Protein chains: 2
Amino acid sequence: MKIAVVGLGLIGGSLCKAIKKRTSYTCLGLDTDAETCRMALEQEAVDEIIAPAGLAAADVVFLCLHPRQTIEFLLAHLGDTRPGALLLDTCGVKGAVVDAVDRPVHEAGRLFVGCHPMAGREFSGFAYAVDDLFERASFIVTPTALTDPAALEQAERLAMEIGFARTVRAAPETHDRIIAFTSQLAHVASSAYVKSPTIERRAGFSAGSFLDLTRVARLNEDMWTDLFLYNRDALLAEVDTLIAHLGEYRDALKDNDADRLRALLRDGRERKERSLDEQGGF
Amino acid sequence: MKIAVVGLGLIGGSLCKAIKKRTSYTCLGLDTDAETCRMALEQEAVDEIIAPAGLAAADVVFLCLHPRQTIEFLLAHLGDTRPGALLLDTCGVKGAVVDAVDRPVHEAGRLFVGCHPMAGREFSGFAYAVDDLFERASFIVTPTALTDPAALEQAERLAMEIGFARTVRAAPETHDRIIAFTSQLAHVASSAYVKSPTIERRAGFSAGSFLDLTRVARLNEDMWTDLFLYNRDALLAEVDTLIAHLGEYRDALKDNDADRLRALLRDGRERKERSLDEQGGF
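Below is a summary of the structure that appears in this document.

About the cut-offs
Residues numbered from 1 in each chain as written. Chains lettered and ligands numbered in written order. Predicted model: local features only at pLDDT ≥ 70, side-chain atom pairs only at ≥ 80, totals over all residues. Heavy atoms only, no water. Contact = heavy atoms within 4.5 Å. Buried area = accessible area lost by both parts, 1.4 Å probe. Salt bridge = Lys/Arg side-chain N within 4 Å of Asp/Glu carboxyl O. Helix = DSSP H or I, 4+ residues; strand = E, 2+ residues; numbered from the N terminus. Nonpolar A, V, L, I, M, F, W, Y, C, P; charged D, E, K, R; others polar. Buried < 20%, exposed > 50% of the residue type's maximum accessible area, 1.4 Å probe, protein only.

### Focus on the interface of chain A and chain B
Between chain A and chain B, the contact holds 88 residues from the first and 88 residues from the second. Across the chain A/chain B interface, buried area totals approximately 9,100 Å², and carbon plus sulfur atoms make up 63% of it. Contact with chain B buries area across many residues of chain A, yet Phe181(A), Lys195(A) and Phe205(A) alone supply 9% of it, more than any other trio. For Arg266(B), the salt bridge is made with Glu221(A), and the minimal N-O distance between the two is 3.5 Å. Residue assignment for the side of chain A that touches chain B shows that the elements contributing at least two residues are β8 (138-141), α6 (172-193), α7 (208-214), α8 (221-230), α9 (232-254) and α10 (258-279) of chain A. In terms of residue class, the side of chain A that touches chain B is built from 42 nonpolar, 24 polar and 22 charged.

Quick look at the structure:
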């Protein structure tokens, strides 16, 4: 089987490396950056670099571009892919992407499954791609009424072969509502956290909690702006929820109300522990 | 030299273990819980368990209790300590503790230095104490006009012997203002984060960002309520600052303003990177 990976950034590059490490499939890489292509060949992350016309050789195509570019590339190059090919995106938002490409791909006689490999790092680009990025990660698939059941199963099987820890099925809207909380809100909160002027005096005063809270403030602002705006309603609701809850702690502090503050903290601890008990680390 | 440790919880127990591992000092332990005392002896974290009267044998006394109990214990048992003994607290807030004990200790002819070992875990109690808890941590000392310079230097030297990575000097109020941001705000934000009802649907949808943002929601609510209220003004200002900044992201989202959102995220990334460049991990 031949798998093409379009976009050899952190996710695409790591997919190539995991495919080469764990399967015997042929891996075809496509990227607009010549240096990236050279590195991918040199590190044997891909067997071959292709142009869009070369997509015709692929049984499976992974699109590893930002949401806007994923939609554009897929619609522009549908004709370059082989009839019956399995096309998989890897965007962090699913509703907008699936809505835009599901029907056109179906009508063109190709198979599409919306996917979200739940992994990342604070760094972008092929230089940071690693073959074990997905080892503890979920591979989420978001089927719709148009999704071919065999294609869905093939996508899930492939994810397990590549080394994901688990696959999860969810409707695109369900995915987006939950991801607004588990991933997008974390990036907003982390980014807002570092805005306090006190950060400039923190040398020597930081333990793990500060580092944990602010790690993902180091993000790719172009990609996350797109992801946020494609999932605006769900993320807005989560940001408002967080602001409202922070206001409860603020009010308890302002009122010097130890009992209320303790109750808020206890409730938070219990929710966190319940979530760990029921769901483990993921 | 004999070092007494009062309160064999996570911090006190870890101090004992680090003292026994890295120095040849005698370690005396004091705790109201018989099972804790038994474990500390069994694990050779202490050479001897003492009652308050036994403090007279100690050259150095580490108080490892919550802020309220630290103040109470120190004032109640000052007469049990040896004249000239070095008394060190380990509370996460310094202004309130130092204000309460600095002069009484001085007038009683003992030496006091306010200290904050910047380390912790999501778990409390001796059972979680480890001998390497402080290996990458700062040991902050907060001298005042009453602090004996030789006592301050002895506290710093002892911290390095015990294995802290560095010592930092700061006025108690400076410590409290910065710690409100680097530690207390992290616990408030994390505790508020897990309050979204979406947490109950997160299974399979979490990557590192969610786990990092919510790790410290698992806290000891009694201790943190005290710490927060002893540092109320500084923490209130930081919570208000965070809420105001979150509001900027919310407004940019609401207005569907990609440029504003991107600028907010870019600014956050740059602040985080600058803070890493200038100050490293701590």
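Now that the structure is up, let's keep going.
### Things to note about the pattern of salt bridges
A complete count under the given rule lists 48 salt bridges over all chains for this structure. As a salt-bridge pair, Glu221(A) and Arg269(B) come within 2.7 Å of each other at their nearest N and O atoms. With one member in each of two chains, Glu221(A) in helix α8 and Arg269(B) in helix α10 (residues 258-279) form a pair that bridges those chains. We note that Glu221(A), like Arg269(B), is buried. The salt bridge involving Lys20(B) is made with Asp47(B); its shortest N-O contact spans 2.9 Å. Here the residue Lys20(B) occupies a position in helix α1 (residues 10-22), and Asp47(B) occupies one in the loop between α2 (34-42) and β3 (48-49), the gap between them amounting to 27 residues. Overall, Lys20(B) belongs to the partly exposed group, its relative accessible area being 29%. Through salt bridges with shared partners, one network takes in Arg218(A), Glu221(A), Arg266(B), Arg269(B) and Glu273(B).

As far as function goes, none of this settles anything; it's purely spatial.
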